[in-house]
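# Structural features, examined
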Amino acid sequence: MRVLLLFLVLILFVLLLVRLADRRASAVGWKKLQSCQSKQPDRFDPAMLQGLPEPAQRFFKFAITPGTPLHKVAQISMQGRLGLGNRETPRYIKMRARQILAAPQGFIWRLKAAKGLICMSGSDGSVQGQSWTRFWLFGLIPVARAGGSKDHALASFGRYVAEAIFWTPAAVLPGDQVEWQAVDENCARMIMTHMDLRQAVDIVVDSQGRIIKVFFQRWTDANPARQFQLQPFGGYLSAYKDFGGFRLPTRVEAGNFFETEEYFASYLAEVDSVSFDK
């Protein structure tokens, strides 16, 4: 009995060390992404939009007030629900999360979720191409650990590039790593490259320039076969509010197999705050 007890204590001690290492890695990554914020950014001038497709121009003119400092790093607080199941059995769980978004360098999403006696915490993240998924049950039992592969890095890149469009519009203004293409009168395509990663994302805007939906082909293993493949991912955006000169959506519904019969809204988020402080 004593040997068994010592063995259990040893296991708990090792798990605690791993948990602490996860938290430290997340904190270090968060600071790295914070440092990407410019201390004296340029200010938005609609003249920067010259040559862009008209839907893209419409989007930027709505999303950024002239004269706004072009902060490219945002810290976002949110709440909502996550679907841990599928379309037939969603298994929604309440969540709260904090996120730092610094495209193209990376993102970190820190989650706390609970349903009844079950609680889960951890993070998704990617910093300069090094990506991870690390979630824990009751803070002690690892329930999801992935990362360290090109497949995972590309999946993470797709997520935060798409989110950068509607939560950090300054980060997707045209430049060396960002290109815009016309699709139709209300749709434009943004292509971002970073290191050896590349992702195209389409946006559909209304007459005023609000993005009403965003969608793209995402490299992911979120499918029954658990195999990495390209599949449609996207979401609907609404409830826009002003945050320091940026008009950003505060409601997001998103999921895999977007606008197909298999679509499952696994991510339902409502934003509480967006900050551009370093």
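We now turn to the structure provided with this report. Worth saying up front: this structure is predicted, and the values here are computed from it rather than measured. Starting afresh in each chain, residues are numbered from 1 along the sequence in its written order. Two thresholds apply to this predicted model, a pLDDT of at least 70 for residue-level local features and 80 or more for giving and counting side-chain atom pairs, whereas whole-chain, interface and lining totals are computed over all residues. Heavy atoms throughout the structure, all of them, feed into the side-chain values; hydrogens and water do not.

### Digging into the nonpolar core
- One finds Phe59, Phe60, Met95, Trp109, Trp167, Trp180 and Tyr267 to be the most contacted residues of the largest nonpolar core, which totals 59 residues.
- Per the convention used, a helix needs a DSSP run of H or I reaching at least four residues, while a strand needs a run of E reaching at least two, with both numbered from the N terminus. No other element matches helix α3 (residues 150–167), which puts eight residues into this core.
- The next biggest cluster of nonpolar side chains, apart from the first, holds eight residues, and it includes Trp30, Ile100, Ala102 and Trp132. Buried residues of nine kinds, namely Ala, Val, Leu, Ile, Met, Phe, Trp, Tyr and Cys, make up a nonpolar core once their side-chain atoms join them within 4.5 Å. The cut-offs for exposure are 20% and 50% of the maximum accessible area for each residue type, with area from a 1.4 Å probe on protein chains only; residues under the lower value are buried, those over the upper are exposed, and the others partly exposed.

### A word on the side chain of Asn256
- Of note, Asn256 is situated in strand β12 (residues 246–256).
- Under the rule applied, a polar contact is a pair of N or O atoms within 3.5 Å (in protein, one hydrogen donor and one hydrogen acceptor; residues adjacent in sequence only if both atoms are side-chain atoms). A distance of 3.2 Å separates a polar atom in the side chain of Asn256 from a polar atom in the side chain of Gln231.
- Apart from residues lying up to four places away in sequence, Asn256 is in contact with Thr220, Ala222, Gln231, Pro232, Phe233, Glu262, Tyr263 and Phe264. Note on contacts: a residue pair is in contact if any heavy atoms of the two residues lie within 4.5 Å.

### Overview of helix α2 (residues 54–63)
- For α2, the buried fraction is high: seven of the 10 residues fall into the buried class.
- Three or more residues of α2 are buried, namely Pro55, Ala56, Arg58, Phe59, Phe60, Phe62 and Ala63.

### What to know about the pairing of strand β3 (residues 106–115)
- Two strands qualify as a pair provided that DSSP identifies no fewer than 2 bridges between them. Relative to β3, strand β2 (residues 92–102) is paired through nine bridges, and the arrangement is antiparallel. Residue Lys94 lies in a different strand from β3, and its bridge partner there is Ala114.
- With antiparallel pairing between neighbouring strands as the criterion, β2 and β3 make up a hairpin whose turn holds three residues.
- As judged from the 10 bridges shared by β3 and strand β4 (residues 118–127), these two strands associate in the antiparallel manner. Residue pairing in the sheet places Phe107 in a bridge with Ser126 of β4.
- Linking β3 to β4, which pair antiparallel, is a turn of two residues; within it Gly116 sits at a positive phi near 65 degrees.

### Brief notes about the pattern of salt bridges
- Throughout this description, the term salt bridge denotes a Lys or Arg side-chain nitrogen within 4 Å of a carboxyl oxygen of Asp or Glu. One pass over the structure, following the stated rule, counts 11 salt bridges.
- Two residues, Asp22 and Arg134, come together in a salt bridge whose shortest N-O distance is 3.8 Å. Taken together, the positions of Asp22 in helix α1 (residues 2–34) and Arg134 in strand β5 (residues 130–137) put the pair 112 residues apart, joining distant regions of the chain.
- On the basis of relative accessibility, which here comes to 8%, the residue Asp22 falls in the buried class.
- Here Asp196 and Lys150 are joined by a salt bridge, their closest N and O atoms 3.5 Å apart. Pair noted here: Asp196 is in the loop between β8 (187–194) and β9 (197–205) and Lys150 is in helix α3, with a separation of 46 residues, a long-range link.
- Among the residues examined, Asp196 registers a relative accessible area of 56% and is labelled exposed.
- Among the residues examined, Lys150 registers a relative accessible area of 46% and is labelled partly exposed.
- Taken together, the shared-partner salt bridges in this structure form one network comprising Asp22, Arg134 and Arg145.

### A word on the packing of aromatic side chains
- Two rings belonging to Phe, Tyr or Trp (six-membered ring only in the last case) form a pair when the distance between their centres is within 6.5 Å. Interplanar angles under 30 degrees mark stacking, angles over 60 mark edge-to-face geometry, and anything in between is tilted. Counting across every chain of the model gives 16 aromatic pairs.
- Between Phe60 and Trp180, the ring centres sit 5.6 Å apart and the planes meet at 80 degrees, which makes this aromatic pair edge-to-face. Taken together, the residues Phe60 in helix α2 and Trp180 in strand β7 (residues 178–184) connect sequence positions 120 residues apart. For the pair formed by Phe60 and Trp180, the shared burial category is buried.
- Ring centres of Phe216 and Phe233 lie 5.7 Å apart, and the angle between their planes is 50 degrees; this geometry places the pair in the tilted category. Here the residue Phe216 occupies a position in strand β10 (residues 211–220), and Phe233 occupies one in strand β11 (residues 229–243), the gap between them amounting to 17 residues.

### Focus: unusual backbone geometry
- In this model, Ala103 is joined to Pro104 through a cis peptide bond whose omega is 5 degrees.
- Here Pro104 shows up in the loop between β2 and β3.
- Although it is not a glycine, Arg91 sits at a positive phi angle of roughly 50 degrees.
- Here Arg91 is to be found in the loop between β1 (74–83) and β2.
- The backbone phi angle of Gln128 is positive, close to 50 degrees, even though this residue is not glycine.

### So, the pairing of β2
- Sheet analysis places β1 next to β2, joined by 10 bridges and oriented antiparallel. By the bridge assignment, Gln79 is partnered in β2 with Arg96.

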